[in-house]
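Descriptive structure summary
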Amino acid sequence: MVLRVDSFLMRAVRFHEHGGPDVLQVDDVERPEATGHSVVIEVAGAGVNPVDTYFREGSYEPFTLPMIPGVDVAGTVAETSEYVDSVEVGDPVVATGLGNDRYGGYAEYVAVPESRLAVLPESADLVAAGGMGVAGVTAWRALIDHAGLEPGESCLIHGGSGGVGHAAVQIAAAAGAHVVATAASEYHDRVAALGADVVLDYDRDDLADAVVGAAVGDGVDVILDHRLDDYLQFDAEVAATGARLVGIGENDPSVGFSQSSAARGKDLQATFMSMFNTPRLADPLSRLTTLVGAGDLETSVARTYDLEDAAEAQRAVMEDSFLGKIVLIP
Ligand SMILES: NC(=O)c1ccc[n+]([C@@H]2O[C@H](COP(=O)([O-])OP(=O)(O)OC[C@H]3O[C@@H](n4cnc5c(N)ncnc54)[C@H](OP(=O)(O)O)[C@@H]3O)[C@@H](O)[C@H]2O)c1
């Protein structure tokens, strides 16, 4: 069934210029329409990600100003076009890859190409699913597509309480890996409950020995690193021979080995990735929704905010400590 949403206004967060969180404001704007291979989603939850702040600041250039930020959403299909055959009005869906080359999800409605969404199980929590896209797809692409993680391999997840980290722990556990995660001590029990076999404090002085000791073999086979400036050399030291490292982020972009022989001596394979390069986001998203349906993947919502509090949500995602995701509820 194709249902047209009448053209009225909706509330959306926008930034009209680059700057700090205070450039975010709520505006009344035209609701989007479903054209081509796109659908319109009534947003139940819009995940807040570090990358949203990079677009706002201008270190990543959005396609236009004023811009509606937000890479992730989940909600209900409100309108489809005649060219769309993968979803119907009323379907619960999750989408990602927005807020970059098109308007994002910090809004009551958002238009999404069907190549960037997947249908959720009816039982899914739509607010939580709003925080799943970037975290889940990044973790899936890193561990499964790039590293080729196999059952029984030892997998190190740095920052297992983070947005990406807590999804990665669950995906690695679902893949049958032996999961070693780091986290602040207050989160150890919850990261273990997500599926980590061993959780280690990232601040401990003997972390490298502890990681190697926790691995099944003589080091870890797969490493997911979101702080390459802190851990690239460390990764080479705790890696097993033939290990695969996937780097997704850093605080300081001048990343390098202090000495490269450990990496060379172990044939360490390194991949540095961006989720935005995913050929078809619907593919990993549909794998993630299968895990959601099987009870193997749950996005943990640390906090929710109203659209009016988007600035506070973006400040919190960069500065505060929390387990899981921050989600805006329009
Ligand atoms: N390349 C890509 O496609 C891609 C995709 C998604 C994200 N990223 C990047 O990946 C990074 C993480 O994203 P996110 O959304 O997961 O952020 P997040 O939710 O803020 O998580 C960051 C995690 O890092 C932990 N952490 C802090 N200090 C640490 C340390 N010294 N060692 C290990 N972990 C530490 C934090 O724990 P505490 O709470 O204890 O501080 C927190 O759990 C960001 O830089 C982001 O831009 C890249």
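The structure displayed is predicted, hence computed values, not measured ones.

Following both chains from N to C, one finds helix α3 (residues 133–146) and helix α4 (residues 163–174) inclined at 50°, their axes separated by 8 Å at the closest point. Here α3 lies oblique to α4, going by the angle between them. Crossing of α3 over α4 shows right-handed handedness. Along its contact with α3, which presents Ala-135, Gly-136, Thr-138, Ala-139, Trp-140, Leu-143 and Ile-144, the element α4 presents Gly-163, Val-164, Ala-167, Ala-168, Ile-171 and Ala-172. Partitioned by chemical class, the residues of the contact of α3 with α4 number ten nonpolar, three polar and no charged.

Turning next to α3. By the criterion of burial, α3 is predominantly enclosed, with eleven of the 14 residues buried. Among all positions of α3, only Gly-133, Val-134, Ala-135, Gly-136, Val-137, Thr-138, Ala-139, Trp-140, Arg-141, Ala-142 and Leu-143 are buried. One or two positions beyond α3, positive phi appears at Gly-148, with a value near 60°.

Near the ligand there are 22 residues, and of these Tyr-54, Tyr-202, Tyr-231, Met-275 and Ser-321 occur at the shortest range. A distance of 3.1 Å is found between an oxygen atom of the ligand and a backbone nitrogen or oxygen belonging to Gly-162. Backbone polar atom of Met-275 to an oxygen atom of the ligand: 2.6 Å apart, as the coordinates give it. Summarising the interface, the protein chains cover 83% of the accessible area of the ligand, which totals 920 Å² for the free molecule. Among the secondary structure elements, those contributing two or more residues to the shell around the ligand are α1 (50–57), α3 and α4. Residue composition of the shell around the ligand, by class: 13 nonpolar, eight polar and one charged. Formed jointly, the shell around the ligand draws a minimum of three residues from each of two domains, domain 1 (9–132 + 299–329) and domain 2 (135–276).

Judged by nonpolar contacts, the single largest core of 48 residues is most densely connected at Leu-143, Cys-155, Ile-157, Val-191 and Leu-288. Listed by contribution, the elements that provide at least two residues to this core are α1, α2 (126–129), α3, β8 (154–157), α4, β9 (178–183), β11 (220–225) and α9 (282–294). Looking at which element gives the most residues to this core, the answer is α3, with seven residues. In terms of domain composition, this core takes at least three residues from each of domain 1 (9–132 + 299–329) and domain 2 (135–276). Not counting residues up to four positions away in its chain, the partners in contact with Ile-157 are Leu-143, Gly-165, Ala-168, Val-169, Val-179, Val-180, Ala-181, Thr-182 and Leu-224. In terms of nonpolar packing, the next biggest core, distinct from the first, is built from 39 residues, Ala-78, Val-84, Ala-95 and Tyr-106 among them.

For the protein, the assigned domains read domain 1 (9–132 + 299–329) and domain 2 (135–276). Computed over C-alpha atoms, the centres of domain 1 and domain 2 are 28 Å apart. Contacts between domain 1 and domain 2 engage 16 residues on the former and 14 residues on the latter. At the surface where domain 1 touches domain 2, the tally comes to zero salt bridges. At the surface where domain 1 touches domain 2, the tally comes to five residue pairs in polar contact (both at pLDDT 80 or more). Partitioning the side of domain 1 that touches domain 2 into residue classes produces seven nonpolar, eight polar and one charged.

What follows is about unusual backbone geometry. For the peptide bond that leads from Leu-65 to Pro-66, omega is -5°, which places it in the cis range. Residue placement: Pro-66 occurs in the loop between α1 and β4 (73–80). For Asp-267, which is not glycine, the phi torsion reads 50° and is therefore positive. Residue placement: Asp-267 occurs in the loop between α8 (261–265) and β13 (269–272).

Calculation notes
Residues numbered from 1 in each chain as written. Predicted model: local features only at pLDDT ≥ 70, side-chain atom pairs only at ≥ 80, totals over all residues. Heavy atoms only, no water. Axes fitted to C-alpha atoms, helices over the stretch in contact; angles between N-to-C directions. Helix = DSSP H or I, 4+ residues; strand = E, 2+ residues; numbered from the N terminus. Parallel < 35°, antiparallel > 145°, perpendicular 65-115°, else oblique. Left-handed = near helix turned anticlockwise from the far one by under 90°. Contact = heavy atoms within 4.5 Å. Nonpolar A, V, L, I, M, F, W, Y, C, P; charged D, E, K, R; others polar. Buried < 20%, exposed > 50% of the residue type's maximum accessible area, 1.4 Å probe, protein only. Near = heavy atom within 4 Å. Polar contact = N/O pair within 3.5 Å; in protein donor to acceptor, adjacent residues only side chain to side chain. Areas by Shrake-Rupley, 256 points an atom, 1.4 Å probe, with all protein chains shown as cover. Domains from an automatic or database assignment. Core = buried A, V, L, I, M, F, W, Y, C linked by side-chain atoms within 4.5 Å. Salt bridge = Lys/Arg side-chain N within 4 Å of Asp/Glu carboxyl O.

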